[in-house]
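Geometric and topological summary
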Amino acid sequence: MTTYTLTPSEKTSISIFPKHKISRIDRNIYSGFTEHMGRCIYTGIYDPSNPHKHLLTPEGFRKDVLDELRPLSIPVFRYPGGNFCATYHWQDGIGPVSQRPARPELAWGAIETNHFGTDEFMAWCAAVHAEPYLCLNFGTGTLDEALAWVEYCNGTKDTYYANLRRANGHAAPYNVKYWALGNEMWGDWQLNQMTESAYADRAWQWAKALKLLDPSITLILCGKEGPTSWDYHVLKHCLRPAGLSDLGEAQTPLIDMHSIHLYTASEDHYENATAPLAAERSIEVCSALIDLAFVENKLPATQTRPKICFDEWNVWSPPRAPGSKCAEEKYTLSDALAVAVWLNVLVRKARDLGMACIAQSVNVISPLMTTETGVIKQTTWFPYELFCRFMKGHTVAVHLECDAYTGPTKPDWVRATKDTPWLDVSATLDDEGYVTMCVVNIHLDTDLSTAVNGTAGAKVRVFSITGSHEKITNMAGKEEVGIQESEWDSSANADFVFPRCSVTMLRWKQE
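Being a predicted model, the structure only gives us computed values, none of them experimental. (Residues numbered from 1 in each chain as written. Predicted model: local features only at pLDDT ≥ 70, side-chain atom pairs only at ≥ 80, totals over all residues. Heavy atoms only, no water.)

Gly82 follows Gly81 through a cis peptide bond whose omega is 10°. Assignment of secondary structure puts Gly82 in the loop between β3 (76-79) and β4 (103-105). Residue Gln360 is bonded to the preceding Ala359 through a cis peptide linkage, with omega at 0°. Located in the positive-phi region is Asn363, a residue other than glycine, with phi close to 70°. Along the polypeptide, Asn363 turns up in the loop between β11 (353-358) and β12 (368-370). Of note in the backbone geometry, Cys501 takes a positive phi value of approximately 50° without being a glycine. (Helix = DSSP H or I, 4+ residues; strand = E, 2+ residues; numbered from the N terminus.)

As structure tokens, then:
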């Protein structure tokens, strides 16, 4: 790896403007994702065969996983996939467990027992105090099957599938709000891969039927990475009035959000830490494509503008952690910095985002791992925890003056569209008047002494994540990376030093 040096004459400064609110942050950007893949569901969130019964709830859920996730107030969990949903038939996973059929699982090469299904997922969401988000089967599924699932979950009338839910012991409807129209249907790894035209036509017809059954649901269109012709084609085709009088005079477009996915990773630290900036550009371009669809379809300014649902994101290197081998990443400090940059991106682009889901929430490319007897918080857990706890309210303006990294990026077009300073920054003002700023110093060797303007002489709480080197990891019984807390008195007029290879969160009350 090339060594990069900074000269002592280079001055770094951050100016924060708490009164300059940019956009409201939807807490749904801190959502999670649970897929029938590897150990995410079985032995991850659901482990009834575990011999250590004190670790389990009566339903067979892992208590220790619930205990770690609940304090983060994660708002939404996506389920059941991911690629898994392309062959998933939801009725296999309801009713008496002993009568549920085992099926070949074609996405990840497993056998799906269906011991965990819709009702178990709803109970788990209630236990973790989160809303469910269900992804419809656009691979081997049918529109009738999708309508039946919505009726099972949300039906209140004397109808077949609502009564089936009641017969299964769940009298009250689940009121599932979020529904995805398939997953990554553009990919050649998908069963029933579709062209953008075929997908757009099908999504449009399904959306009409689903909204007729339940107009209250939020429908999420299947996009690609954001800045692609696929995204534009399906947006242009589907962001238009339905032409159905039963949906009301306003003729609101059927689509409420547009999904995009991206994973980043590199064995080179600097490529790894700057790669999430590609997601920032993806959001910007996708947002512009939504605007273009609005313009070309002549939608009125009073029309609700769909937001982006970034419902799969994370650091993931498939060669390092293949999906076919359960994708159990062993995350490093470098990966923790990359995740913090990812989260900074989500905060900076909050205006465009209605949801974002880290993929995934337990065991599979996850910040939280289970063993038979406990849990391991990987390095990437800690930035995610801090953002869930503190980065809320409104995004506020920040001005950064800092020298930049000038080496290779992955993808190589990142620097053509985004700056790559050594410090990556976002800041928020919450409803209680607290300012929170996250600063990631990606430099491996140099602490950056920085003038921080805008703290108004406050006493600042400091949360720091760092370690002895960028490749360090956390293992069972040996947590090398965690959160260190301290205080900084900004009234002393001294610069704040952001340590090399670190994530630092500063938090203070705005007077």
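Now that the structure has been shown, we can carry on.
On to the pattern of salt bridges. As enumerated under the stated definition, the model contains 28 salt bridges in all. A salt bridge links Arg320 to Asp335; the shortest N-O distance between them is 3.7 Å. Taken as a pair, Arg320 in the loop between β10 (307-315) and α9 (333-348) and Asp335 in helix α9 lie far apart in primary sequence, 15 residues in all. Arg320 gets classed as partly exposed once you look at its relative accessible area, which sits at 32%. Linked by salt bridges that have partners in common, Glu280, Arg281, Glu284, Arg348, Lys349, Lys418 and Asp424 make up one network. (Salt bridge = Lys/Arg side-chain N within 4 Å of Asp/Glu carboxyl O. Buried < 20%, exposed > 50% of the residue type's maximum accessible area, 1.4 Å probe, protein only.)

Our focus in this paragraph is the packing of aromatic side chains. Following the criterion strictly, the structure yields 30 aromatic pairs and no others. Three or more aromatic residues link up through ring pairs in this structure, and these residues are Phe84, Tyr88, Trp90, Trp149, Tyr152, Tyr160, Tyr161 and Trp179. The ring of Phe33 is capped by Arg78, whose NZ or CZ atom sits 4.6 Å from the centre of that ring. The residue whose ring lies beneath Arg240 is Trp204, and the NZ or CZ to ring-centre distance is 3.8 Å. (Phe/Tyr/Trp six-rings, centres within 6.5 Å; stacked < 30°, edge-to-face > 60°. Lys NZ or Arg CZ within 6 Å of the ring centre and 35° of its normal.)

Bringing the packing of α9 against helix α10 (residues 381-390) into the picture now. One can describe the packing of α9 onto α10 by two numbers: an axis separation of 8 Å at closest approach and a directional angle of 25°. Comparing the axis directions of α9 and α10 gives the class roughly parallel. Our pair here, α9 against α10, has a crossing hand that is right-handed. Residues Ala336, Val339, Ala340, Leu343, Asn344 and Val347 of α9 lie in contact with α10, whose contacting residues are Pro383, Tyr384 and Phe387. Its residues assigned to classes, the contact of α9 with α10 comprises eight nonpolar, one polar and no charged. (Axes fitted to C-alpha atoms, helices over the stretch in contact; angles between N-to-C directions. Parallel < 35°, antiparallel > 145°, perpendicular 65-115°, else oblique. Left-handed = near helix turned anticlockwise from the far one by under 90°. Contact = heavy atoms within 4.5 Å. Nonpolar A, V, L, I, M, F, W, Y, C, P; charged D, E, K, R; others polar.)

Turning our eyes to something else, we now look at the nonpolar core. In terms of nonpolar packing, the biggest core is built from 165 residues, with Trp124, Trp179, Leu181, Tyr199, Leu210 and Phe310 touching the most fellow members. The dominant element in this core, judged by the number of residues it contributes, is α9, at twelve residues. Ignoring anything within four residues of it in the chain, the contact list for Leu181 reads Leu136, Phe138, Tyr199, Ala203, Trp206, Ala207, Leu210, Leu219, Ile220, Leu221, Cys222 and Ile255. (Core = buried A, V, L, I, M, F, W, Y, C linked by side-chain atoms within 4.5 Å.)

Let us now look at the sheet that holds strand β18 (residues 459-465). Pairing within the open sheet is mixed, and its nine strands lie in the order β19-β18-β21-β16-β15-β14-β1-β17-β20. Each edge of the open sheet carries a strand with a single partner, namely β19 (484-489) and β20 (496-498). Strand after strand, the sheet turns through a mean of 30° between neighbouring axes, direction not considered. Examined bridge by bridge, strand β17 (residues 448-453) and β20 share three bridges and lie antiparallel to one another. Looking across to β20, one finds that Ser449 is bridged to Val497. Where α10 meets the sheet, its contacts fall on β15 (423-429), β16 (434-441), β18 and β21 (502-509), and the angle it forms with β18 comes to roughly 150°. (Pairing = 2+ DSSP bridges.)

This paragraph deals with the UniProt feature "domain: Alpha-L-arabinofuranosidase C-terminal" (unreviewed entry) in the protein chain. Following the UniProt record, one finds the feature "domain: Alpha-L-arabinofuranosidase C-terminal" (unreviewed entry) at residues 311-502. From the first C-alpha to the last, residues 311-502 spans 26 Å; its make-up is 16% helix and 33% strand. (UniProt positions renumbered as here; feature names shortened; annotations may be inferred.)

For the rest of this paragraph, the subject is the sheet that holds β3. With respect to topology, eight strands assemble into an open sheet ordered β2-β3-β6-β7-β8-β9-β10-β11, the strand pairing being parallel. Both edges of this open sheet fall to β2 (32-33) and β11, since each of them pairs with a single strand only. Taken strand by strand, α9 contacts β9 (257-264), β10 and β11, and its axis lies near 175° from that of β10.

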